[in-house]
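Each chain is listed here by its residues.
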Amino acid sequence: MSDITLIRAESVTTEPRLVRGVVIATVLALIAVLLFAPLIAVFAEALRQGWAASLEAFASADAQSAIRLTLIVAAIAVPLNAVFGIAAAWAITKFDFRGKAFLITLIDLPFSVSPVVAGLALVLLFGVNSSLGAWLVANDLKIVFAFPGIVLATMFVTFPFVARELIPVMIEQGRAEEEVALTLGASGWRVFFTVTLPNIRWALLYGVLLCNARAMGEFGAVAVISGKIRGETTTMPIMIEMFYNEYLSVAAFSLAALLALLALVTLTLKSALEWRHADLLAATRRH
Amino acid sequence: MHIEIDELAKEFGTERALHPVSLAIPSGALIALLGPSGSGKTTLLRVLGGLEFPTSGRVLFDGQDATGLSVQERRAGFVFQHYALFKHMTVFENVAYGLRARKRRERPTEAEIGRRVNRLLDLIQLPDIGARYPNQLSGGQRQRVALARALAIEPRMLLLDEPFGALDAKVRKELRQGLREIHDRTGLTTVFVTHDQAEAMEIADLVVVMSMGRIEQVGKPAEIRAKPASDFVRKFTEA
Amino acid sequence: MRASILRSPSPLPGFGLSFGIMMAILSIVVLLPIGALLGRGLMIGPADLWDMVNSRRIWSALSLSFRAALIASLFNLAFGLILAWVLVRYRFWGRKLVDAAVDLPFALPTAVAGIALTALYAPNGVFGQVLAPLGIKVAYTELGIWMALIFIGLPFVVRTVQPVIEELEREVEEVSATLGARRAYTLRRVVLPTLAPAALTGFALALARSVGEYGSVIFIAGNIPNLTEIAPLLIVIRLEEYNYDAAAAIGIAMLLISFAMLLAINLVQIWSRRRIGLV
Ligand SMILES: Nc1ncnc2c1ncn2[C@@H]1O[C@H](COP(=O)(O)OP(=O)(O)OP(=O)(O)O)[C@@H](O)[C@H]1O
Ligand SMILES: [Mg+2]
């Protein structure tokens, strides 16, 4: 046996150890400063005067109505977007029709429109000085500065989330399973509920999760269309702004901490979904 | 260049890919590493090319210890089964890559690079495809470009890992002969991996039969046919 | 309707219903409002629109929004590439945590991010206190806007590039090494060009998002006209004055510039994808 001449065990497709170490350290430091610090700051500021003061913030009528409104808005906007997402994915992936690519672009449009511009567009459509708005007001249907407007604005900014998750997954799965089910005599709805839905359920959950996080946190579009009527059209993010501008820092950060907790729960569920059901989620994801 | 493999072993964790093996490859020979899947052919080739480093043992090039030599310093022209062409570069840029990657002092002038690339494209009998991108070529053309790219660095040896494995039978036969001709013209010590015994027997000067990380037999094709060293060799080469 | 829109018949049912639901919701939520905005612009007329946009305050706001978004997105392009590489190729303690945390900006409401960043970078904040003696002011300056936009745009490039790195063929990097290329040369000439189309997509998404960003910016920006006042804020101010035409004018300007940018980037991308055959 010749003596061991172990010179290097490093793979040729990686960077030198020193470079790797420096890069990892830099990345971790930047992540700590850019991502973790703001997150910690939310909780630190909320607890600046102790737990009692922080919890007291939730006792105020304003905070409670904001929480309630946020929950109700999400409870309406998210399912509607899920219905939209499912319908859009079904139409787009199961049928060939003219203008499909253009339609997909339109569905993606809200990603590249400023939330404030979205709010503005809704105000222009439904506001009193448009003909539609005037008619609505005459018939006692208030949309701008009212609950329906907030729902619409929330739907606008979260619009593509569910559809974006479902379309790639359904394209990958093809049409064969549904067609087989039809040949076996199943009705259309039965095919949907027993074949399609089980196949897309994790992707659907994933999309709903992201949609919900964004819905509960939407600020710009809601700020424009809600009119910020205290106790009436103030969602949690709007209430945070009001508290903050009134120098009620602990109250603002306590509400913010609640939303941050929601974000953490969302991230945890999302990661869990990705690790356990990676194969059933879309291959590429970007939001 | 004369290559000597001395008691070379390679482990991946607890997996023994190569038991200590020894082999001498005469200068200018065309050698086939033949064996079933998982027998360690690729591992041995990658160790020669400097893509993998042995757990123990030595590699000698022309009598000099080359075990710790980095891939870049080895100047081994390496050809992969799936071509590994640079998709975002034209054929010309692919072939010129190794020359342009050199340090400024050793880099040929652009005119010289152009001359050399064109000469190589002539050698692989594809003189007019310099401006194309790899996705505009057939599999056989891609593999020939990969060969030209490996030759461009004026390698000290040529290492090919199942170079024809991804091609259909007809193209395979053509390229086999092509490889033999290019080998004869350049005189480069050439090692190619295959699990197709007909391919090995047809063009190699020496065939190395491997099984389960060990070398079973080394010999000229006719010798191996006539006097298989073991049952395994006989079974594997008679098919 | 079915016959005229469908290209080829399908045995599957539900086209009319799903297409109908999709178009109805799409129209009410997205198309009609955007149409109303553009229609408003048509009613005002190009000349008057131009007059309304053509003021120093609006130009400063628009150029600030685009400049800050560009700077932040460029940072996120570089950092996102490195971060994606590190997450896929390196193994280190805490990798999965970092991987999960990358999506924090997607999940954290923008207003929450806004007040948190302000708390950190305000002169009496944790980072502000450290930076103040060095003469660096972040909160209530343009630097603060950059920080906010870096935060909200951080995940885009990482998430578009990551799957591409996962699918890179190692052999291509190996062949580069056998041809004599040093590692840095391989990264620059072989790896980076392969990641470029995906990176560009992520960059475009980050840019589009940060140009229109409002919630995370207004708290830290200071909102001084001509200096740190972003375009979306100007729309909000005009709306609060019930000056709908002026608000619409700025909104249309933002919309058009965003579309032009996205179009340009899409064209570059189609070109680069076609060239290397990844279509
Ligand atoms: N990077 C690696 N990590 C772990 N095990 C490996 C690695 N590379 C190879 N092996 C193992 O080493 C053994 C030899 O593999 P090798 O690739 O050399 O075989 P081969 O003869 O080239 O086979 P094939 O004809 O299938 O290409 C196999 O058992 C394989 O599983
Ligand atoms: Mg092999």
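Being a predicted model, the structure only gives us computed values, none of them experimental. (Residues numbered from 1 in each chain as written. Chains lettered and ligands numbered in written order. Predicted model: local features only at pLDDT ≥ 70, side-chain atom pairs only at ≥ 80, totals over all residues. Heavy atoms only, no water.)

## A word on the packing of helix α1 (residues 17-46) of chain A against helix α13 (residues 249-276) of chain A
Residue and element names in this part refer to chain A.
Turning to step 1, where the next piece is worked out: The geometry of α1 relative to α13 is characterised by a closest axis approach of 8 Å and an angle of 135° between their N-to-C directions. On the basis of their axis angle, the class for α1 and α13 is oblique. Our pair here, α1 against α13, has a crossing hand that is left-handed. Together, L39, V42, F43, E45 and A46 of α1 and S249, V250, F253, S254, A256, A257, A260, L261 and L264 of α13 make up the contact between the two elements. (Axes fitted to C-alpha atoms, helices over the stretch in contact; angles between N-to-C directions. Helix = DSSP H or I, 4+ residues; strand = E, 2+ residues; numbered from the N terminus. Parallel < 35°, antiparallel > 145°, perpendicular 65-115°, else oblique. Left-handed = near helix turned anticlockwise from the far one by under 90°. Contact = heavy atoms within 4.5 Å.)

## Here we look at the interface of chain B and chain C
Turning to step 1, where the next piece is worked out: Each partner contributes to the interface: chain B provides 23 residues, whereas chain C provides 23 residues.
Turning to step 2, where the next piece is worked out: Roughly 2,200 Å² is buried in total at the junction of chain B and chain C, and carbon and sulfur atoms are behind 60% of that figure.
Turning to step 3, where the next piece is worked out: On the chain B side of the contact with chain C, Q72(B), H88(B) and Y97(B) bury the most area, a combined 28% of that side's loss.
Turning to step 4, where the next piece is worked out: Counting the contacts that link chain B with chain C gives seven residue pairs in polar contact (both at pLDDT 80 or more). (Buried area = accessible area lost by both parts, 1.4 Å probe. Polar contact = N/O pair within 3.5 Å; in protein donor to acceptor, adjacent residues only side chain to side chain.)

## Considering the sheet that holds strand β3 (residues 30-34) of chain B
Residues and elements named next belong to chain B.
Turning to step 1, where the next piece is worked out: Read from one edge of the open sheet, six strands run β6-β7-β8-β3-β9-β10, paired in mixed fashion. Taken across any chain shown, the strands that pair with only one partner, and hence form the sheet edges, are β6 (76-79) and β10 (214-219). Each adjacent strand pair in this sheet contributes to an overall mean axis angle of 15°, direction not counted. (Pairing = 2+ DSSP bridges.)

## Points about the pattern of salt bridges
Turning to step 1, where the next piece is worked out: Evaluated as defined, the whole model comprises 40 salt bridges over all chains.
Turning to step 2, where the next piece is worked out: Here R183(C) and E15(A) are joined by a salt bridge, their closest N and O atoms 2.7 Å apart. On the criterion of chain membership, the pair formed by R183(C) in helix α11 (residues 183-211) and E15(A) in the segment before α1 is interchain, its members lying in two chains. Grouping residues by exposure puts R183(C) and E15(A) together as buried.
Turning to step 3, where the next piece is worked out: One salt bridge connects K100(A) with D96(A), and the closest N-O pair in it is separated by 3.5 Å.
Turning to step 4, where the next piece is worked out: Overall, D96(A) belongs to the partly exposed group, its relative accessible area being 30%.
Turning to step 5, where the next piece is worked out: Where salt bridges share partners, they join K270(A), E274(A), D99(C), D103(C) and R159(C) into one cluster. (Salt bridge = Lys/Arg side-chain N within 4 Å of Asp/Glu carboxyl O. Buried < 20%, exposed > 50% of the residue type's maximum accessible area, 1.4 Å probe, protein only.)

## Overview of the site of ligand 1
All names here are of chain B.
Turning to step 1, where the next piece is worked out: In the vicinity of ligand 1, the residues found are F12, E15, A17, P36, S37, G38, S39, G40, K41, T42, T43 and E162.
Turning to step 2, where the next piece is worked out: At 2.5 Å, a side-chain N or O of S37 approaches an oxygen atom of ligand 1.
Turning to step 3, where the next piece is worked out: In the environment of ligand 1, an oxygen atom lies 3.4 Å from a nitrogen or oxygen atom belonging to the side chain of E162.
Turning to step 4, where the next piece is worked out: Computed on the free molecule, ligand 1 has an accessible area of 630 Å², of which 62% lies beneath the protein chains in the complex. (Near = heavy atom within 4 Å. Areas by Shrake-Rupley, 256 points an atom, 1.4 Å probe, with all protein chains shown as cover.)

## Let's talk about helix α3 (residues 61-94) of chain A
Turning to step 1, where the next piece is worked out: For α3(A), which comprises 34 residues, the first-to-last C-alpha distance of 49 Å matches the rise-based estimate of 50 Å (1.5 Å per residue) to within 8%.
Turning to step 2, where the next piece is worked out: Most of α3(A) is tucked away, with 24 of its 34 residues classed as buried. (Expected span 1.5 Å × (residues − 1).)

## Some points on the environment of L38(C)
Residues and elements named next belong to chain C.
Turning to step 1, where the next piece is worked out: Note that L38 resides in helix α2 (residues 15-44).
Turning to step 2, where the next piece is worked out: Look at L38 and you get partly exposed, because its relative accessible area is 37%.
Turning to step 3, where the next piece is worked out: Setting aside its immediate chain neighbours within four residues, L38 contacts I252 and L255.

These values are about where atoms sit, not about what they do.
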